[in-house]
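A structural walkthrough
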Amino acid sequence: MKINIEGLLVYFPYDYIYPEQYSYMLELKRTLDAKGHGVLEMPSGTGKTISLLSLIVAYQRAFPLEVTKLIYCSRTVPEIEKVVEELRKLMEFYSKETGESSNFLALALSSRKNLCIHPEILHANIVVYSYHYLLDPKIADLVSKELAKKSVVVFDEAHNIDNVCIDSMSVNITRRTLDRCQNNVDTLQNTIRNIKETDAAKLKEEYRRLVEGLKEANVARETDVYMANPVLPDEILQEAVPGSIRTAEHFVGFMRRFLEYLKARLRVHHVVQESAPQFLKDVFDKVCIDRKPLRFCAERLRSLLRTLEIADITDFSPVTLISNFATLVSTYSQGFTIIIEPFEDRTPTIANPVLHFSCMDPSIAIKPVFERFQSVIITSGTLSPLDIYPRILDFRPVTMASFTMTLARTCLCPLIVGRGNDQVALSSKFETREDFAVIRNYGNLLLEMSAIVPDGIVAFFTSYVYMENIVASWYEQGILENIQRNKLIFIETPDASETSMALEKYQEACENGRGAVLLSVARGKVSEGIDFVHHFGRAVIMFGVPYVYTQSRILKARLEYLRDQFQIRENDFLTFDAMRHAAQCVGRAIRGKTDYGLMIFADKRYARADKRGKLPRWIQEHMSDGSLNLTVDETVQLAKHFLRQMAQPFRQEDQLGLSLLTLEQLESEEILQKITQIAHQA
Amino acid sequence: MASLSEEVLLVVKKVRQKKQDGTLYLMAERIAWGPEGKDRFTVSHLYADIRCQKISPDGKAKIQLQLVLHTGESTTFHFANESSALKDREAAKELLQQLLPKFKKKANKELEEKNRMLQEDPVLFQLYKDLVVSQVISAEEFWANRLSINNTDHSLSNNKQEVGISAAFLADIRPQTDGCNGLRYNLTADIIESIFRTYPTVKQKYGENVPHNLTEKEFWTRFFQSHYFHRDRINTGTQDIFSECAKQDEKGLKSMVVQGVKNPMVDLLSLEDKTLDEGYGVSTAPSTSNSNKTVKENSNSAIIKRFNHHSAMVLAAGSRKGETSSTDGNSRDSDFFQPPVKKVKLQESIEYEDLQRENGPKTVALNLKKSDRYAHGPVPLQSQQYTTSQDIINSVNCIRHEMANYKPNLTQVLSNSTASSAIAALSPGGVLMQAGAQQAINRKCNDWCNLTLT
């Protein structure tokens, strides 16, 4: 159908539309009109991707000078492929409706193996790739820095975007890294010696260039040709490369010295934590290395590798890592922390020193994106609470909205199980984690559910260790054997290929009618990347609240930073983080309006307002006061009732006018009013 | 001759039957005999009708061959050629020996099929009793009707579903203490069958060792004592005969994992576009060495592995028979070629069925083998009153046909009173319409059978 979104003609490649899709597009258009950033939450399975694509493509066609490019970032390869597939569908619809073959150029980059940095990326109307191409400065500098300012950037599935940002800026250095780096430096030295004998002019040319400094890059950035790079700070662009590292030999010697210093730092017997300025002071005191040359390290190494015409730079990843570290640590006095641990906490007897250079501020990596592009859209099925993302990513959105899923029948059933039948409070909290009664009641819950839920059940645990312990104790108590009477059991393992196989078998068992239970881990790969549509997931059980492991020093440092810099209380952040993962887990089961599934939160803490309130609106609004502190038996009764209702035939007519609209309905004044009303309930 | 197209395999002259000289013919599908000088057979038996052949003992004066039929009748041939009587009979006997088993199989198969149908369908059995046993129609006529109906859904009826294996079969053999410091395991034939089907390696071991090396009891005792059975215990003894099974399982599991998954949407390995380069990221990868794992952790992960393996084996055992392993033409050797499975899965995952105009509801036909049972539920079988819907439809058609061809015989009309009483009897509620209600139900149940599931 062709719809009118506040005067913009949007081609939408379906015969019907969900009301929330209309609201979503409306909000999106306003964001683009305002040339600002937006945060939009809409449940998965309500056609978010096609709404985004339809509107932005229409916008591009209507205002080719205002928006020149769409940069669509998603997280996983299957997600990227789905976007491409939906785009293809949209393009087919366009050419069918307009009768002309589309002159739109779309480009998808996936998998680094076939990474092509074709100049076409600059001319493409739509670019689809993974987050890293924009957020990881090492790749962004290669792929994305020349993308036009008048682009719209979309981060889909963005609920974990802060972690992606942090990961791309953090560095870990072990003894092995240093040893391999040592080899790199030796190789570099030999290569330099060889080249000096054969082609000394090349090195002289490089020296001349370095005296000129990075003026070229500076000009480019000032004239807005390039996106900023957090590893290449503005200040150093205006200066020449310091004399101490200008010649190739001097630079190699400089790296050697820095390397020796790091080796010495790893020879510690107790944990050390310090800030970047403290570290720099220590470097200066010990080996007389100044801050200034350190800042040029990354750029200087890149120039050297270019000059030496080294083909395979992956061999030099250790020395690149160290030079990136050097630049980062000397550039940012805030937002990073250095932690040196002599051994792992679990194994204090085995020396395995690691230097963590940890980024605590996700806004550092994403800042260039917000600054460069006129509209950045952060969107996902679970972004609650919405206001936390602008705070931790440090940007000011022009629109923030959470859309619920309009439903003709309530196809999701969130239940909070707080007690066992013996009134034992259920919780995964640390004090009762080993409690036999809790584990037994959890087992009982799964057993009862396996008897009444058809096809597939997915259960998530808060961590892998926790799951292992529970599985072992269920095994000893014979609970697993009883579950096997109803369904097959498959369990996630730390090995990805083993888990893939278990997943496939799980689906096979759901497909052929046997039914199966999948035991899995929140924050794991399954919980983040695998959908359990229809019969592959009729119930999701979340055992416990998936808090992150709080004893980690890195996390503690980050929490402190959040408190000091953003006034976010530690507990608020931890709860937010736990709830976004819980929402991700339970959301895996509902992938559309024709789908249905139970969402069982098995921990009494979910009933508290501070937890419940952080769940997405589309889940929260289906929680009734009566379903907040159920026993296992009560849960089973409610679940039975729900499943029986859902098993009734569900036709398109049932949805029409309520959760599904025709073009005529969409044009009626009355329905439009209703849509706005629903959208503004938030 | 009767039919020239028939292939004659053997001709024996001078064979007497009922004291009459004649010629014996062995043909492709029957054996026949015709008296001398006449060109027709007076005796002809299909091989399929013959139960067995008998010969007169050597040394007897008369050299004879007797054919016993399934019906119990028999025919005797006397080989009367003085010079080669014995040779003639041997030739006939040997040829029959080759031919009969072939037809016997066919006959048996048919018999089995008939038997199975009768057993599975009590209504049909009742009908058989009513019609054939009471000699209303002959068995051939009965089956001639039946088999033609059945042949159409023959493929369906042949495609009988295997009964799967309970995933909890090992749980059913919970040991009980026998009171004197021992354990008792209760094994049934079903459980043994389940173990064999799920773990073919155990079956292989059984075949190798029982009964020459071990008695059956010893074998199972060792099985339950073995570390194979108690997989969570880590150290597998080397003298254990099941240690090899464990190794083979391990191998099987590994090869399954190496093979990878067919469905790219569940392949966790290719989920991420780019993992961070080594050295970057907040969390370091946990050390993968097993050395610093505690015994408990090792045992826990062994349990997890065991469950995954067990479930996979049970699943495989359920689908092993009948289905040939599905080949989907998914070639993996090319990176540039997008495998069809992937394309299909992708299309599936972006489909919004309710956003599209419905092109006819997608339905799955309900495949009912016993429609009556579906419509009525389990009710005790009442003989006589039970007619299948097909029978009723047939008879309705029959009546309709009769009615169409009805011509009043005006010379023999009924009197007024007789006619009105007949009409009353034939009206709903009348004496002759007792079966009407039943018929309505059956009509309805016939409609239900055409129900489709949406």
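Bear in mind that the values here come from a model prediction, so they are computed numbers and not experimental data. (Residues numbered from 1 in each chain as written. Chains lettered and ligands numbered in written order. Predicted model: local features only at pLDDT ≥ 70, side-chain atom pairs only at ≥ 80, totals over all residues. Heavy atoms only, no water.)

**Describing the overall build of chain B**
The line we're drawing: Each helix corresponds to a stretch of at least 4 residues labelled H or I by DSSP, and each strand to a stretch of at least 2 residues labelled E; elements are numbered beginning at the N terminus. Note on classification: 1.4 Å probe, protein chains only; a residue is buried when its accessible area is under 20% of the maximum for its type, exposed when over 50%, partly exposed between these limits. Using a 1.4 Å probe, accessible areas were evaluated by the Shrake-Rupley method; residue-level cover was limited to the displayed protein chains.
The number of helices and strands found in chain B is 14 helices and eleven strands. Relative to its full complement of 454 residues, chain B shows a buried share of 34%. Total accessible area computed for chain B in this model is approximately 29800 Å², and 52% of it derives from carbon and sulfur atoms.

**A short note on the interface of chain B and chain A**
The condition is simple: Residue contacts are counted whenever heavy atoms from the two residues lie within 4.5 Å of one another. Once two parts are put together, the accessible area they lose, assessed with a 1.4 Å probe and summed over both, is termed the buried area. We define a salt bridge as a contact between a side-chain nitrogen of Lys or Arg and a carboxyl oxygen of Asp or Glu at a distance within 4 Å. Distance and chemistry together define a polar contact, namely a pair of N or O atoms within 3.5 Å, with one atom able to donate a hydrogen and the other to accept it when in protein, and with adjacent residues in sequence counting only for side-chain atoms on both sides.
Taken residue by residue, the interface counts 64 residues in chain B and 90 residues in chain A. In this assembly, chain B packs against chain A so that about 7100 Å² is buried in total across both faces, 57% of it on carbon and sulfur atoms. At the boundary of chain B and chain A, one finds two salt bridges. Across the pair B:Lys305 and A:Glu498 runs a salt bridge whose closest N-O atoms are separated by 3.7 Å. The interface formed by chain B and chain A contains 23 residue pairs in polar contact (both at pLDDT 80 or more). At the level of secondary structure, the elements contributing two or more residues to the side of chain B that touches chain A comprise α8 (243–259), α9 (295–320) and α10 (340–349) of chain B. Per element, the largest residue contribution to the side of chain B that touches chain A is 16 residues, and it comes from α9(B).

**Some points on the domain arrangement of chain A**
Interface size is often expressed as the accessible area that is lost when the parts come together. All names here are of chain A. How we decide: Annotation comment: domain bounds sourced from an automatic or database domain assignment.
Entries for chain A in the domain assignment read domain 1 (2–158 + 374–402), domain 2 (168–360) and domain 3 (412–649). The C-alpha centroid of domain 2 is placed 36 Å from the C-alpha centroid of domain 1. For the pair domain 1 and domain 2, the summed buried surface comes to about 890 Å²; carbon and sulfur atoms form 56% of the total. Considering only the side of domain 1, the residues that lose the most area to domain 2 are Pro137, Asp141 and Lys145, jointly responsible for 53% of the buried surface there. Counting across the domain 1 and domain 2 interface gives zero salt bridges. At the surface where domain 1 touches domain 2, the tally comes to one residue pair in polar contact (both at pLDDT 80 or more). Elements represented by at least two residues in the side of domain 1 that touches domain 2 include exactly α5 (132–135) and α6 (137–143). With four residues, the single largest contributor to the side of domain 1 that touches domain 2 is α6.

**Focus on the sheet that holds strand β13 (residues 397–402) of chain A**
All names here are of chain A. Here is the rule we go by: Two strands qualify as a pair provided that DSSP identifies no fewer than 2 bridges between them. Only the stretch in contact is used when a helix axis is fitted, and all axes are lines through C-alpha atoms; the angle between N-to-C directions ranges over 0 to 180 degrees.
Here we have seven strands laid out as an open sheet, ordered β5-β6-β4-β7-β12-β3-β13, and parallel in their pairing. Among the strands making up the open sheet, the edge pair consists of β5 (106–108) and β13. Neighbouring strand axes in the sheet, compared pairwise and without regard to direction, differ in orientation by 15° on average. One ladder, built from four bridges, connects strand β7 (residues 151–155) with strand β12 (residues 375–380); its direction is parallel.

**Considerations on unusual backbone geometry**
Residue and element names in this part refer to chain A. Across the junction of serine 384 and proline 385, the peptide omega takes the value -15°, indicating a cis bond. Turning to its location among the elements, proline 385 is positioned in the loop between β12 and α17 (388–393). One non-glycine residue, glutamine 423, lies in positive phi territory at about 70°. The backbone of histidine 534 shows a phi angle near 40°, a positive value even though the residue is not glycine. Of note, histidine 534 is situated in the loop between α22 (525–529) and β18 (539–543). Take histidine 534: its relative accessible area is 28%, and that puts it in the partly exposed class.

**Description of the pattern of salt bridges**
All names here are of chain A. Summed over the entire model, instances satisfying the criterion amount to 46 salt bridges over all chains. Ionic pairing is found between arginine 538 and aspartate 595, a salt bridge with its closest N-O pair at 3.2 Å. Of this pair, arginine 538 sits in the loop between α22 and β18 while aspartate 595 sits in the loop between α24 (570–587) and β19 (597–602); the two residues are 57 residues apart in sequence, bridging distant segments of the chain. Comparing arginine 538 with aspartate 595 shows no difference in burial state: the two are buried. In this structure, aspartate 564 engages arginine 563 in a salt bridge whose closest nitrogen and oxygen atoms are separated by 3.5 Å. The partly exposed category is assigned to arginine 563, whose relative accessible area is 36%. The structure contains a network of salt bridges with shared partners spanning Glu79, Lys82, Asp531, Arg588 and Arg591.

**Here we look at the packing of aromatic side chains**
Residues and elements named next belong to chain A. Short version of the rule: Only the six-membered ring of Trp is used, alongside the rings of Phe and Tyr, when aromatic pairs are assigned; centres must lie within 6.5 Å, and planes under 30 degrees apart are stacked while those over 60 apart are edge-to-face, with the rest tilted. Criterion for a charge above a ring: Arg CZ or Lys NZ at most 6 Å from the ring centre, at most 35 degrees from the ring normal.
Inspection of every chain in the model, using the stated rule, returns 39 aromatic pairs over all chains. Arranged with centres 5.7 Å apart and planes meeting at 75°, the rings of tyrosine 261 and phenylalanine 279 form a pair that is edge-to-face. Of this pair, tyrosine 261 sits in helix α12 (residues 248–266) while phenylalanine 279 sits in helix α13 (residues 276–287), and the two are 18 residues apart along the sequence. With respect to burial, tyrosine 261 and phenylalanine 279 carry one shared label: buried. Cluster of aromatic residues (ring-pair linked, three or more members): Phe258, Tyr261, Phe279, Phe325, Tyr332, Phe336 and Phe357. If you follow arginine 409 out to its NZ or CZ, it ends over the ring of phenylalanine 650, 4.1 Å from the centre. Between the NZ or CZ atom of arginine 433 and the centre of the ring of tyrosine 466, over which it lies, the distance is 5.0 Å.

**Let's talk about the pairing of strand β4 (residues 69–74) of chain A**
All names here are of chain A. Taken across its six residues, β4 has six buried, putting it largely inside the fold. Residues Lys69, Ile71 and Cys73 point to one face of β4 and Leu70, Tyr72 and Ser74 to the other, with burial holding for every one of them. Pairing of β4 with strand β6 (residues 126–130) involves five bridges; the strand directions are parallel. Note that in β6 the partner of isoleucine 71 across the bridge is valine 127.

**Structural notes on the confidence of the model for chain B**
All names here are of chain B. Where we set the bar: Every residue is assigned a pLDDT by the predictor, reflecting its confidence on a scale from 0 to 100.
Averaged over all residues, the pLDDT of chain B is 74; the fraction at 70 or higher stands at 73%. Below pLDDT 50 for its whole length, residues 152–157 participates in three contacts with residues either more than four positions away or in separate chains. Note on residues 284–291: pLDDT is under 50 here. Beyond four places in sequence and across chains, it has five contacts. Across the interface, the model reports ipTM at 0.87; the global pTM reads 0.77.

**Digging into the side chain of A:His159**
Inspection of the secondary structure puts A:His159 in the loop between β7 and α7 (161–169). For A:His159, the residues in contact, after removing those within four places along its chain, are A:Ser380, A:Thr382, A:Leu383, A:Tyr389, A:Glu528, A:Arg580 and A:Gln584.

**A short note on the sheet that holds strand β3 (residues 30–35) of chain B**
Residue and element names in this part refer to chain B. Across the sheet, which stays open at both edges, the seven strands sit in the order β4-β3-β2-β1-β7-β6-β5 with antiparallel pairing between neighbours. Each edge of the open sheet carries a strand with a single partner, namely β4 (43–46) and β5 (50–55). On average, each strand axis in the sheet is tilted by 25° relative to the strand beside it, whichever way the strands run. Across seven bridges, the pairing between strand β1 (residues 8–17) and strand β2 (residues 20–27) is antiparallel. For valine 15, the partnering residue across the bridge sits in β2 and is glycine 22.

**Brief notes about a nonpolar patch on the surface**
Residue and element names in this part refer to chain B. Operational definition: Patch definition: residues above 30% relative accessible area lacking any salt bridge, with like charges linked at up to 9 Å and the nonpolar side chains Val, Leu, Ile, Met, Phe, Trp and Tyr linked at up to 5 Å.
A surface patch of nonpolar side chains, about 410 Å² in accessible area, is lined by Leu426, Val431, Leu432 and Met433. Mapped onto the elements, methionine 433 comes out in the loop between α13 (416–426) and α14 (435–449). Judged by its relative accessible area of 31%, methionine 433 falls in the partly exposed class.

**A short note on the environment of A:Tyr561**
Residue and element names in this part refer to chain A. With respect to the helices, strands and loops of the structure, tyrosine 561 is situated in helix α23 (residues 553–566). Residues tyrosine 561 and threonine 337, 224 residues apart in the sequence, show an inter-C-alpha distance of 9.6 Å. If we ignore the near neighbours within four places in the chain, the residues touching tyrosine 561 are Gly335, Met360, Asp361 and Phe566.

**Things to note about the packing of helix α8 (residues 175–198) of chain A against helix α9 (residues 200–212) of chain A**
Residues and elements named next belong to chain A. For clarity, the threshold we go by: To sort the angles, those under 35 degrees are grouped as roughly parallel, those over 145 as roughly antiparallel, those from 65 to 115 as roughly perpendicular, and the leftovers as oblique. Polar here means any residue outside two lists: the nonpolar Ala, Val, Leu, Ile, Met, Phe, Trp, Tyr, Cys and Pro, and the charged Asp, Glu, Lys and Arg; Gly therefore counts as polar.
Closest axis-to-axis distance for the α8/α9 pair is 5 Å, and the angle between their directions is 110°. As judged from the angle between their axes, α8 and α9 are roughly perpendicular. Together, Ile192, Ile195, Lys196 and Thr198 of α8 and Ala200, Lys202 and Leu203 of α9 make up the contact between the two elements. Looking at the contact of α8 with α9 residue by residue, the class counts come to four nonpolar, one polar and two charged.

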